[in-house]
Protein chains: 2
Amino acid sequence: MYSTKGATRVLFSNTRRFSTGTQLRAPSGLKINPDRLWNTLHETCEWGAAHRYNDGPTDTGMARLTLTDEDASVRKWFATEVQKLGCALVVDQMGNMFARQSGRLNSPAPMIAMGSHLDTQPRGGRYDGILGVMAALEVLRTMKESGFQTNYDIGIVNWTNEEGARFPKSMCSSGVWAGAIPIQEAWDLRDIHDSSVTLRSELERHGYLGDITCSSDPTTGYPLGAHFELHIEQGPILPETGRSIGVVRGAQGYRWLTMTVHGKDAHTGTTPFSARQDPLLASSRMIAASHDIAKKHNALASTGIIRVPSNASTNTVSSQVTFTLDIRHPQDSVVHAVQDECLKAFDTIASQDGKGVSFDWTLDTDSPAVKFDDNCVASIQAAADQLVGREKSMLMTSGAGHDTVYTSKHCPSAMIFVPCKDGVSHHPAEYCSPQDCALGTQALLEAVVHYDQFRAESEGPK
Amino acid sequence: MYSTKGATRVLFSNTRRFSTGTQLRAPSGLKINPDRLWNTLHETCEWGAAHRYNDGPTDTGMARLTLTDEDASVRKWFATEVQKLGCALVVDQMGNMFARQSGRLNSPAPMIAMGSHLDTQPRGGRYDGILGVMAALEVLRTMKESGFQTNYDIGIVNWTNEEGARFPKSMCSSGVWAGAIPIQEAWDLRDIHDSSVTLRSELERHGYLGDITCSSDPTTGYPLGAHFELHIEQGPILPETGRSIGVVRGAQGYRWLTMTVHGKDAHTGTTPFSARQDPLLASSRMIAASHDIAKKHNALASTGIIRVPSNASTNTVSSQVTFTLDIRHPQDSVVHAVQDECLKAFDTIASQDGKGVSFDWTLDTDSPAVKFDDNCVASIQAAADQLVGREKSMLMTSGAGHDTVYTSKHCPSAMIFVPCKDGVSHHPAEYCSPQDCALGTQALLEAVVHYDQFRAESEGPK
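The notes below deal with the structure included here.

Reading the values: the criteria
Residues numbered from 1 in each chain as written. Chains lettered and ligands numbered in written order. Predicted model: local features only at pLDDT ≥ 70, side-chain atom pairs only at ≥ 80, totals over all residues. Heavy atoms only, no water. Salt bridge = Lys/Arg side-chain N within 4 Å of Asp/Glu carboxyl O. Helix = DSSP H or I, 4+ residues; strand = E, 2+ residues; numbered from the N terminus. Buried < 20%, exposed > 50% of the residue type's maximum accessible area, 1.4 Å probe, protein only. Least-squares fit on C-alpha atoms with pLDDT ≥ 70 in both. Contact = heavy atoms within 4.5 Å. Pairing = 2+ DSSP bridges. Polar contact = N/O pair within 3.5 Å; in protein donor to acceptor, adjacent residues only side chain to side chain. Core = buried A, V, L, I, M, F, W, Y, C linked by side-chain atoms within 4.5 Å. Lys, Arg positive; Asp, Glu negative; His and termini not counted.

### Some remarks on the pattern of salt bridges
Item 1. One pass over the structure, following the stated rule, counts 41 salt bridges over all chains.
Item 2. Of the charged contacts in the structure, one is a salt bridge between A:Arg166 and A:Asp191, with a shortest N-O distance of 2.7 Å. Within this pair, whereas A:Arg166 is found in the loop between strand 8 (154-158) and helix 4 (172-177), its partner A:Asp191 is found in strand 9 (residues 190-191), the two being separated by 25 residues in sequence. Comparing A:Arg166 with A:Asp191, the two get one shared label, buried.
Item 3. Between B:Asp374 and B:Lys371 there is a salt bridge, with its nearest N and O atoms 2.8 Å apart.
Item 4. One network of salt bridges, in which partners are shared, links A:Asp69, A:Arg166, A:Asp191, A:Glu202 and A:Arg205.

See the structure below:
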């Protein structure tokens, strides 16, 4: 799609596009402040710092679960900081925080947003989500101090309860914003450790139950003109391939199944193999088969949970086993093909040993593949080309879910990945180097500036 | 070993043996009372009846855990019944109950015992252990009412805590008697639901902490001249082959291992297979491999328990998995060969997928194969031949552990198996038909009479 000879040409297949034949836009000329970014990120991680893993001052993980006192503290700080920059701050009924800086055009059109989340896992790290919001703030600070104005309004979103760790629904409030999750269902989510506390009661307690509807609807909610998210990769591909920027063009589809395999409990000493109905043996063969099938399709199939009854014992064949199956691929057709092939293989396995077993399954999650907006992706690719060149960046598909997956349903969206050490995430030792944090933030700045210019050209008067 | 042409010859390879060339002894002429046996068994199952599974009066399982009030009730009843028959009752320091009927010779030699246990699993049935004690009582009642006297003293043993379900050590008190388990360790066992209660404190509470040492030592304990145990098979071999009596010549060896497979937690969506260290995938392949290896050796290998960390989730590769491995075969050399081959295969599997996993293992139980006494086995085979013929009986190796495994270390011992429906045991619906209960009891009677005659011939004055 890209020619790198002479003037780089950006070609897209959809209707709204970068003008064919125009030269690659020049860099913004702005330079984010790496130290300010790093210090701000770690200073604010004092709210929720936990799980020390080494001696350094920042060598802890985080436990800043959504809408806890620590989360409320960092939200309050964030509100103050964006208001200092002159941003207008709006909070919707899910506590999503929208900070908006006016653009040169004084257009009423929805702002170009840089969004992510400030909440963490209970044993999380300092970068997942947090980097995206801190980078966005650094972009606005950099623009402010240099007197730079985008054409359109630009801003930041802090999405509530992205992790789903305290109130169990991940990407919760971008999901409500996108119309994918009913707000009442989200409000009714209960704290996994204290069922007397709901997400809504915590929004109220902290004063984050805003007036505005949580929606992308332009008349009642808070629509966005675009959504860019900088995030750590949470996987090993960038570090292992020596790349520093991932240009994320979509999110893979995934389906989560729970398999229940039924057999018959029997004494392991007195029951010959021929007389057994052993669900754990069958489940083992199924898990191995699902891996081999997925591998053949260049897809992923993973089992994270397996359970035998609580009264299981060394010398008893279990009566029942349940296990999860998580199938992923950037193309939905492949996800479905892997699932079909697995179920067919499971049928064969079920009759393979002894007197056979039976199984049934439920589909717990069906998340089709998402393709991000070509122009947003091109803006990020242009930024990456300027900053690190084509060899040090790569087109990627996100393996995990992110708020951007939901925003992409209602506004042009894309993501930037930066490497995290060894691909470790959702862990106290999660780490993104100061250099990579800074590089990602600079890429975010360049990408939104590119996109703003493109938008002005394609939407503005000719 | 047996010739069925003309006079049946009984040949053995060990030194103390049935006299070669003598004719098969005649049946005792005694006939046990099937109704009395059946009614007594089910009447006494009122103490501990639980887990109704159908409408009939005896359609419940049992929850008569050792040294509970229900167990104390049936012990008290048992003591009364054997004393009514004129037996001397001795209780040792583990609460083992020895009821002894004098023989014709008035010999001080240790009695020929018929033993089993009156305790059950928490969700157990009405036959496991109970049938063996009730059959022994029916044998003594039958002898008493017909005025039959054995040469040597004959009696019954009710072994304490065979199941190990309440105080977690199975075959506990026959193990102490055999010197395999230190009495202090057994006394100190704690109720799995109430750690303030020990086996010893319950023995004291119910008055079953006897004076006599729990030992086979003739000077301090209660030695036995032989031990015969009637038991349900707890497996499907007899019912599936249409046999009614199993002549049990030993118990298979078994080794219990716990495998711990170490990997690294990783996001299932963002971590390519090539970067994973997935212990659940490896464990699955190991479980399947262990089955295939055991099958090749005509041995058994079974996994009853598998555990992932409690924080496991659908979209996370587990960091660690543990599973049990139970390897069995009548020959210890085969048990060892299967273990060695499994560990070798596990080594290969550990490096097979992605970045590989590591594993370690512990040996939790090592129970070598046991060969029962040839003369006891021959006595049972002779009884089976008389009662059902060679086609309806079979030589077997016990797959499970029994008190007889321990007694066999210190006195000639063997077991009789009778079929239980579908091989189901340790389950409320465990069932042995009235006909099979009666047949097994008659076989027990004939076997002890045979053995008593053999003993008189081989030990008595020529």
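### A closer look at the relation of the copies chain A and chain B
Item 1. Once chain A is rotated about the relating axis by 180 degrees and shifted along it by 0.1 Å, it coincides with chain B to within an RMSD of 0.1 Å. This pairing of chains is accounted for by a two-fold axis. Relative to the rotation axis, the closest C-alpha in chain A is found at A:Ser284, a distance of 2.1 Å.

### Remarks on the side chain of B:Arg141
All names here are of chain B.
Item 1. Mapped onto the elements, Arg 141 comes out in helix 3 (residues 130-146).
Item 2. Judged by its relative accessible area of 14%, Arg 141 falls in the buried class.
Item 3. Setting aside chain neighbours within four positions, we find Arg 141 in contact with Arg 36, Thr 40, Trp 77, Glu 81 and Leu 85.

### Some words on the pairing of strand 13 (residues 253-262) of chain B
Residue and element names in this part refer to chain B.
Item 1. For strand 13, a buried count of eight out of 10 residues is recorded, marking the element as mostly surrounded by other parts of the structure.
Item 2. Here 10 bridges tie strand 13 to strand 18 (residues 320-329), and the two strands are oriented antiparallel to one another. Residue Trp 256 lies in a different strand from strand 18, and its bridge partner there is Asp 326.
Item 3. Summarising the sheet, strand 13 and strand 19 (residues 358-367) pair through nine bridges and their orientation is antiparallel. Looking at the pairing, Tyr 254 lines up with Ser 367 of strand 19.

### Concerning the interface of chain A and chain B
You'll often see interface size given as the accessible area lost when the parts meet.
Item 1. Each partner contributes residues to the interface: chain A has 55 residues there, and chain B has 55 residues.
Item 2. Applying the counting criterion to the chain A and chain B interface returns four salt bridges.
Item 3. B:Asp292 serves as the salt-bridge partner of A:Arg285, at 2.8 Å between the closest nitrogen and oxygen.
Item 4. Counting across the chain A and chain B interface gives 12 residue pairs in polar contact (both at pLDDT 80 or more).

### Digging into helix 1 (residues 34-44) of chain B
Residues and elements named next belong to chain B.
Item 1. When helix 1 is considered as a whole, its buried residues turn out to be Leu 37, Trp 38, Thr 40, Leu 41, His 42 and Thr 44.
Item 2. If you follow the buried residues of helix 1, they end up packed against helix 2 (69-84), helix 3 and helix 12 (434-459).
Item 3. Where helix 1 begins, one side-chain oxygen reaches toward the backbone nitrogen of Asp 35, 3.1 Å away; that side chain belongs to Asn 33.

### Some thoughts on the nonpolar core
Item 1. Formed by 100 residues in total, the largest nonpolar core has its most connected members in A:Leu131, A:Ile156, A:Leu199, A:Leu224, A:Phe228 and A:Leu444.
Item 2. Not counting residues up to four positions away in its chain, the partners in contact with A:Ile156 are A:Phe78, A:Val82, A:Met97, A:Phe98, A:Ala99, A:Met111, A:Met114, A:Val133, A:Ala136, A:Leu137 and A:Leu140.
Item 3. Among the nonpolar cores identified, the runner-up in size contains 99 residues, and B:Val74, B:Ala99, B:Trp159 and B:Ala178 belong to it.

### What to know about the side chain of A:Glu229
Residues and elements named next belong to chain A.
Item 1. Tracing the backbone shows Glu 229 in strand 11 (residues 226-232).
Item 2. Summary of buried charges: Glu 229 has no salt-bridge partner, and the nearest side chain of opposite charge, Arg 64, is 13 Å away.
Item 3. Within the local environment of Glu 229, its side chain forms a polar contact with the side chain of Thr 404, the two groups lying 2.5 Å apart.
Item 4. In this structure, Glu 229 is in contact with Gly 115, Ser 116, His 402, Asp 403, Thr 404, Ala 414, Met 415 and Ile 416, ignoring residues within four places of it in sequence.

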